[in-house]
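Here are the chains, one letter per residue:
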Amino acid sequence: MRISVDNASGVAPFEQVRSAIAEQINSGELPVGTKLPTVRALAAELGIAANTAAKAYRELEQAGLLETRGRAGTFVSDAGDQAAARAAEAAATYAQITHALGISRDQALAIVKAALKA
């Protein structure tokens, strides 16, 4: 797992960690079943507070990308495989709705880009 935190960035450290892990899960770099470091180990490795690492893990677990198995640790969930499929379904639905509303392709993409920045 490769993660770095840029303290000079305007993006919160927990979000940098969360997005880096999510990207690696969605790309397959972190396959289903991969055990992640403990919150404390990750925090120490990245030089961040344990609560910051815990918040990133918690949000990834709520999104279904990670699962915690008690004392066994935190693992990439098999739901991570389904994330891309769910996103594709949502995109198809969005495309249908914007088309029905008469919104141009360029406008629809601009709306998505704005939403992703939020």
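Above this text is the structure in question.
Quick summary incoming for the structure in this document.

About the cut-offs
- Residues numbered from 1 in each chain as written.
- Predicted model: local features only at pLDDT ≥ 70, side-chain atom pairs only at ≥ 80, totals over all residues.
- Heavy atoms only, no water.
- Axes fitted to C-alpha atoms, helices over the stretch in contact; angles between N-to-C directions.
- Helix = DSSP H or I, 4+ residues; strand = E, 2+ residues; numbered from the N terminus.
- Parallel < 35°, antiparallel > 145°, perpendicular 65-115°, else oblique.
- Left-handed = near helix turned anticlockwise from the far one by under 90°.
- Contact = heavy atoms within 4.5 Å.
- Nonpolar A, V, L, I, M, F, W, Y, C, P; charged D, E, K, R; others polar.
- Core = buried A, V, L, I, M, F, W, Y, C linked by side-chain atoms within 4.5 Å.
- Buried < 20%, exposed > 50% of the residue type's maximum accessible area, 1.4 Å probe, protein only.
- Pairing = 2+ DSSP bridges.

### A look at the packing of helix α2 (residues 39-46) against helix α3 (residues 50-62)
Interhelical geometry of α2 versus α3 gives an angle of 120 degrees and a closest axis separation of 8 Å. It follows from the interaxial angle that α2 and α3 lie oblique. The handedness of the crossing between α2 and α3 is right-handed. In contact with Val-39, Leu-42 and Ala-43 of α2, α3 contributes Ala-50, Ala-53, Ala-54 and Tyr-57. Here the residues of the contact of α2 with α3 are counted per class, giving 7 nonpolar, no polar and no charged.

### Quick word on the nonpolar core
Core analysis: the biggest nonpolar cluster contains 20 residues, and Val-17 and Ile-21 have the highest contact counts within it. Among the elements of the structure, α1 (13-27), α2 and α3 are those that each provide at least two residues to this core. With 5 residues, α1 is the single largest residue contributor to this core. Those residues in contact with Val-17, other than ones at most four positions away along the chain, are Ile-3, Val-5, Leu-42, Leu-46, Ile-48 and Ala-56.

### What about the environment of Ser-27?
Mapped onto the fold, Ser-27 is located in helix α1. In the structure, Ser-27 is positioned 88 residues away from Ala-115 in sequence and 21 Å away in space, judged by C-alpha atoms.

### Side note on the sheet that holds strand β1 (residues 35-36)
Across the sheet, which stays open at both edges, the 3 strands sit in the order β1-β3-β2 with antiparallel pairing between neighbours. The sheet is open, and its two borders are formed by β1 and β2 (66-68), each paired with just one other strand. Pairing geometry for β1 and strand β3 (residues 74-76), over 2 bridges, is antiparallel. In the sheet register, Leu-36 faces β3, and the bridge partner there is Thr-74.

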